[in-house]
Amino acid sequence: MRMPAPDERVLARRAEIAAALRAIVPGEGVIDTEEGRRPFECDGLTAYRQLPMLVVLPETTAQVSEILKYCKREGIKVVPRGAGTSLSGGALPLADGVLLGVAKFNRILEIDYANRCAVVQPGVTNLAITQAVEHEGFYYAPDPSSQIACTIGGNVAENSGGVHCLKYGLTANNVLGVELVMMDGAIIRLGGKHLDAPGYDLLGLVIGSEGMLGVVTEVTVRLLKKPATARAVLLGFPSNEAAGDTVGAIIAAGVIPGGMEMMDKPAIHAAEDFIHAGYPRDVEALLIVELDGPAVEVDDLVARVEAIARGKGATVVQVSQSDEERLRFWAGRKAAFPAVGRISPDYYCMDGTIPRRRLPEVLTKTAALSAKYGLRVANVFHAGDGNLHPLILYDANNPGELERAEAFGAEILKLCVEVGGVLTGEHGVGVEKRDLMPAMFDEVDLAQQERVKCVFDPDSLLNPGKVFPTLHRCAELGRVHVHGGQTRFADLPRF
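### Considering the sheet that holds strand β3 (residues 77-81)
Then, number 1: Sheet architecture is open: 4 strands sit in the order β1-β2-β4-β3, paired in mixed fashion. The open sheet is flanked by β1 (30-31) and β3, the only strands paired with a single partner.
Then, number 2: Pairing of β1 with strand β2 (residues 54-56) involves 2 bridges; the strand directions are antiparallel. Bridge pairing links Val30 to Val56 in β2.
Then, number 3: In the packing of helix α3 (residues 61-74) onto the sheet, the strands contacted are β2, β3 and β4 (97-101), and the crossing angle to β4 comes to about 170°.

Structure (structure tokens):
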């Protein structure tokens, strides 16, 4: 008898899995055609692409539970996906895995103003939460630049931040509870509407776990009352160093702005050409500092920030005189990423975090690296908490430029660690920073983290290939000092 060719076996296996999943998610919830799978081949890190074996789009928690039960029983890998805006390759599919999308989990289930919280499904966009409650004077604080598109489930996976995270915290500080489906199909609840829960902080463990511990199917978020007054101060400086010094001086003076963002000259010009926010073009660096609270307090804080900035050499000082003007100041910053996309065929967005006092030094060294690699860089970042987002500009059509961009980015992230920072602030590790993890963690540190994953997912079926540079079987983790018996992940396909 003729043995089927490998591709025939793969097709037969795909058809078998698709049939089993259609029994769980009927209708159009399972996608197995190449054309249908193509939109899911990458996330926001477009340099890496891989068609998933199958895509499944459940609508209920019960369906997610049954999908995971089936995949665990059959040894099938699963990659959870929200809106796919991840910039670290966190939702990159696997050729031999099922991509589980939560786009159909798009309802706000409850708004509880008395307890200042809302219960939402993971496919609800970040901005939609604020839009649903702003008529009552409330909002959801974390505001990533992609908030119009990114989903709350993805925010939980990556512990996303945004321009207002300096004063109001990241996702971890604004999520009260989740419903989580484990790889064996068990459905558990962590946290809730209460402010604290007894026992281990498993909720804190899940937030930022990059889809490796379970699939989130419901999120309880904290709602905040909109501040009585908010004003933004636009500050222009003759150098990046002067702007960086000002950031540290503002915090050292005891002023905690609602948001404090920095842009360098290439980013300023790109954003101004795109949005026409009124940014000055004759400065090297721009700070946007937002102060909020009671009107009398805001007036005092604005005056203090102005004085500090002028003392550090600010050549431009503009204070918003209306909410429309304040929003216009922010519009350019919020649109910085797409704006840079207009001046370069491709860009590689980094995400490292450093101590604020090292900002001038790191910006100077980043400029030197730009010259070394022959690639332009535009700096846009959350200056208040030292979360850098250098945008390395390149053209993937030019041989070797992507590789140079990756090497440039790796040096920036290693520099962040060297000055006392960390590899990521809000984008996660994914595949982008996976092989850089040893720059921050030794083998024992990484093994401890892997042991946590093994408790939740002993067969390593949830989002494998992400975060950990070396894959151990769970049973091998007691022998991490032995280099034999380890399996390196294969190089990922690149576009």
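### Re the state of the cysteines
Then, number 1: Taken as a whole, this structure holds 1 disulfide when the rule is applied.
Then, number 2: The disulfide partner of Cys454 is Cys474, and the gap between their sulfur atoms is 2.0 Å. Taking the sign of the S-S torsion, -95° for the link of Cys454 and Cys474, the bridge is left-handed. Pair noted here: Cys454 is in helix α15 (residues 443-456) and Cys474 is in the loop between β21 (470-471) and β22 (487-488), with a separation of 20 residues, a long-range link.
Then, number 3: With a relative accessible area of 16%, Cys454 lands in the buried category.

### Here's the deal with unusual backbone geometry
A negative phi angle characterises most non-glycine residues, just as the trans form characterises most peptide bonds.
Then, number 1: With a phi angle near 55°, Asn159 is a residue other than glycine that sits in the positive phi range.
Then, number 2: Within the secondary structure, Asn159 is located in the loop between α5 (152-158) and α6 (165-168).
Then, number 3: With a phi close to 60°, His276 is a non-glycine residue in the positive phi region.
Then, number 4: With respect to the element layout, His276 can be found in the loop between α9 (265-275) and β14 (285-293).
Then, number 5: Here His276 falls in the exposed class, since its relative accessible area comes to 54%.

### What about the packing of aromatic side chains?
Then, number 1: A complete count under the given rule lists 4 aromatic pairs for this structure.
Then, number 2: Both rings, one in Tyr113 and one in Phe138, keep their centres 5.2 Å apart while their planes meet at 35°; by these two values the pair is tilted. Of this pair, Tyr113 sits in the loop between β5 (108-112) and β6 (117-120) while Phe138 sits in strand β7 (residues 138-139), and the two are 25 residues apart along the sequence.
Then, number 3: Taking relative accessible area as the criterion, Tyr113 reaches 27% and is therefore assigned partly exposed.
Then, number 4: The buried category is assigned to Phe138, whose relative accessible area is 8%.

### Overview of the packing of helix α13 (residues 359-373) against helix α14 (residues 401-418)
Then, number 1: At their nearest, the axes of α13 and α14 sit 10 Å apart, and the two run at 160° to each other. By the criterion of interaxial angle, the relationship of α13 to α14 is roughly antiparallel. The handedness of the crossing between α13 and α14 comes out as right-handed. Listed contacts from α14 to Val362, Lys365, Thr366, Leu369, Ser370, Lys372 and Tyr373 of α13 are Arg404, Ala407, Phe408, Glu411, Ile412 and Leu415.
Then, number 2: Partitioned by chemical class, the residues of the contact of α13 with α14 number 7 nonpolar, 2 polar and 4 charged.

### Overview of helix α8 (residues 240-252)
A turn of α-helix holds 3.6 residues, and therefore any two residues three or four places apart point the same way.
Then, number 1: Over its 13 residues, α8 extends 19 Å from the first C-alpha to the last, a length consistent with the 18 Å expected when each residue adds 1.5 Å.
Then, number 2: Three or more residues of α8 are buried, namely Asn240, Ala242, Ala243, Gly244, Thr246, Val247, Ile250 and Ile251.
Then, number 3: Elements in contact with the buried residues of α8: α6, β12 (229-237), β13 (259-264), β14, α10 (295-311) and α13.
Then, number 4: The positive-phi residue at the C-terminal boundary of α8 is Gly254, with phi of around 85°.

### So, the packing of α8 against α10
Then, number 1: Axis separation between α8 and α10 bottoms out at 9 Å; the angle between their running directions is 140°. Classified by the angle between their axes, α8 and α10 sit oblique to one another. The hand of the α8/α10 crossing is right-handed. Judged by residue contacts, Thr246, Ala249 and Ile250 of α8 engage Val305, Ile308 and Ala309 from α10.
Then, number 2: A per-class count over the contact of α8 with α10 returns 5 nonpolar, 1 polar and no charged.

### Quick look at the environment of Val317
Then, number 1: Position of Val317 among the secondary structure elements: in strand β15 (residues 316-319).
Then, number 2: Counting along the chain gives 57 residues from Val317 to Gly374, while the straight-line C-alpha distance between them is 34 Å.
Then, number 3: With sequence-adjacent residues up to four places away left out, Val317 is seen in contact with Val233, Leu234, Leu235, Glu306 and Arg310.

How each quantity is defined
- Residues numbered from 1 in each chain as written.
- Predicted model: local features only at pLDDT ≥ 70, side-chain atom pairs only at ≥ 80, totals over all residues.
- Heavy atoms only, no water.
- Pairing = 2+ DSSP bridges.
- Helix = DSSP H or I, 4+ residues; strand = E, 2+ residues; numbered from the N terminus.
- Contact = heavy atoms within 4.5 Å.
- Axes fitted to C-alpha atoms, helices over the stretch in contact; angles between N-to-C directions.
- Disulfide = S-S within 2.5 Å.
- Buried < 20%, exposed > 50% of the residue type's maximum accessible area, 1.4 Å probe, protein only.
- Phe/Tyr/Trp six-rings, centres within 6.5 Å; stacked < 30°, edge-to-face > 60°.
- Parallel < 35°, antiparallel > 145°, perpendicular 65-115°, else oblique.
- Left-handed = near helix turned anticlockwise from the far one by under 90°.
- Nonpolar A, V, L, I, M, F, W, Y, C, P; charged D, E, K, R; others polar.
- Expected span 1.5 Å × (residues − 1).

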